[in-house]
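Chain and residue survey
Here is how the chains run, residue by residue.
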Amino acid sequence: MNDNYTDKQCEFSGEFVEEQEYEYFKCFLSKLKRINEKFVARAVKEEFDNEMREIKQHEEKMQEEISKVNHHSGPCIPGAKKIFVTAEGNIYPCERVSEISEVSKIGDIKKGIDKNKVLNLLNIERYSQDRCKDCWAYQHCTICIACADDTKNISNKEIEKHCWKVRGGFEEAMKNYCTLKELGYKFEEYE
């Protein structure tokens, strides 16, 4: 166990899960024009939209020829799109990483961004490539440094802990896609 993170599991009541599933069902009905979208929780609509974007990307990738050289889609380029600066002036790739992590720290406001630290974070896949290269969800993997960092090292154990969530999430998105497709939803009309 890592002393920097809690090992307490987040638990949801059966009632919460039931209500969430019901909201998701209403979202499906609204997309199929069976109920008005105003009756669907905004957070659920946003989650649905994210899933649809992911599915559209999946369809586009299925059209492409698979490259001999590949990398899963999780990691960003640290410092390229956004950075996170702590009150102490330490620079991290984003707000998702631990502020006490030395491995995720890519610089500070006095010295700037350390190119070598950024390069180290760019290819976290090297820690799990033997397992990842044959994964069915490889092209849709979202594991990044925030999932791989145990605050001291990039950890294969941390990557493994997040792997099942990524695969499960994408599998759920594909099930939803199939369900909506079967019920007549027009994905080509989705904006």
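Our structure's up above, just so we're on the same page.
Description of the structure in this document. (Residues numbered from 1 in each chain as written. Predicted model: local features only at pLDDT ≥ 70, side-chain atom pairs only at ≥ 80, totals over all residues. Heavy atoms only, no water.)

1. Quick notes on the overall build of the chain
- Along its length, the chain carries six helices and four strands.
- In the chain, the order of α-helices and β-strands from amino to carboxyl end is α-α-β-β-β-β-α-α-α-α.
- Counted over contacts in the chain with a minimum sequence separation of 6, partners at least 24 positions apart contribute 53%. (Helix = DSSP H or I, 4+ residues; strand = E, 2+ residues; numbered from the N terminus. Contact = heavy atoms within 4.5 Å.)

2. Digging into the side chain of Asp150
- For Asp150, the location among the structural elements is in the loop between α5 (145-148) and α6 (156-182).
- Although Asp150 is buried, it makes no salt bridge; Lys152 carries the closest opposite charge, 6.6 Å away.
- A distance of 2.7 Å separates a polar side-chain atom of Asp150 from the backbone nitrogen of Asn153. (Buried < 20%, exposed > 50% of the residue type's maximum accessible area, 1.4 Å probe, protein only. Lys, Arg positive; Asp, Glu negative; His and termini not counted. Salt bridge = Lys/Arg side-chain N within 4 Å of Asp/Glu carboxyl O. Polar contact = N/O pair within 3.5 Å; in protein donor to acceptor, adjacent residues only side chain to side chain.)

3. Brief notes about unusual backbone geometry
- In this model, Lys33 sits at a positive phi of 60°, which is unusual for a non-glycine residue.
- Inspection of the secondary structure assignment puts Lys33 in the loop between α1 (14-31) and α2 (42-63).
- Judged by relative accessible area, which is 74%, Lys33 ranks as exposed.
- If you check the backbone angles, Thr151 has positive phi at about 80° while not being a glycine.
- Along the chain, the position of Thr151 falls in the loop between α5 and α6.
- Among the residues examined, Thr151 registers a relative accessible area of 3% and is labelled buried.

4. Thoughts on the side chain of Asp108
- Take Asp108: it is sitting in strand β3 (residues 107-108).
- Buried and without a salt bridge, Asp108 has Lys111 as its closest oppositely charged side chain, separated by 4.5 Å.
- Looking at Asp108, its side chain comes within polar contact range of the main-chain nitrogen of Lys111, at 2.7 Å.
- Beyond its immediate sequence surroundings of up to four residues, Asp108 is in contact with Gly89, Asn90 and Ile91.

5. Structural notes on the sheet that holds strand β2 (residues 90-92)
- Pairing in this open sheet of four strands is antiparallel, and the strands run β1-β2-β3-β4 from one edge to the other. A strand with exactly one partner marks an edge of an open sheet, and here the two such strands are β1 (84-85) and β4 (112-113).
- Alignment of β2 against β3, held across two bridges, turns out to be antiparallel. Each bridged residue has a counterpart across the sheet, and for Asn90 the counterpart in β3 is Asp108. (Pairing = 2+ DSSP bridges.)

6. Structural notes on the nonpolar core
- In this structure, Ile106, Leu121, Ile124, Ile143, Ile145, Ala148 and Ile154 are the most contacted members of the largest nonpolar core, which totals 17 residues.
- Looking at this core, the elements with two or more residues in it are β2, α3 (115-122), α5 and α6.
- In this structure Leu121 touches Pro78, Pro93, Val103, Ser104, Ile106, Ile145 and Ile154, once residues within four positions along its chain are discounted.
- Judged by nonpolar contacts, the second largest core, of 16 residues, contains Tyr24, Cys27, Phe28 and Val40. (Core = buried A, V, L, I, M, F, W, Y, C linked by side-chain atoms within 4.5 Å.)

Note that all results are geometric; they support no functional claim without further evidence.
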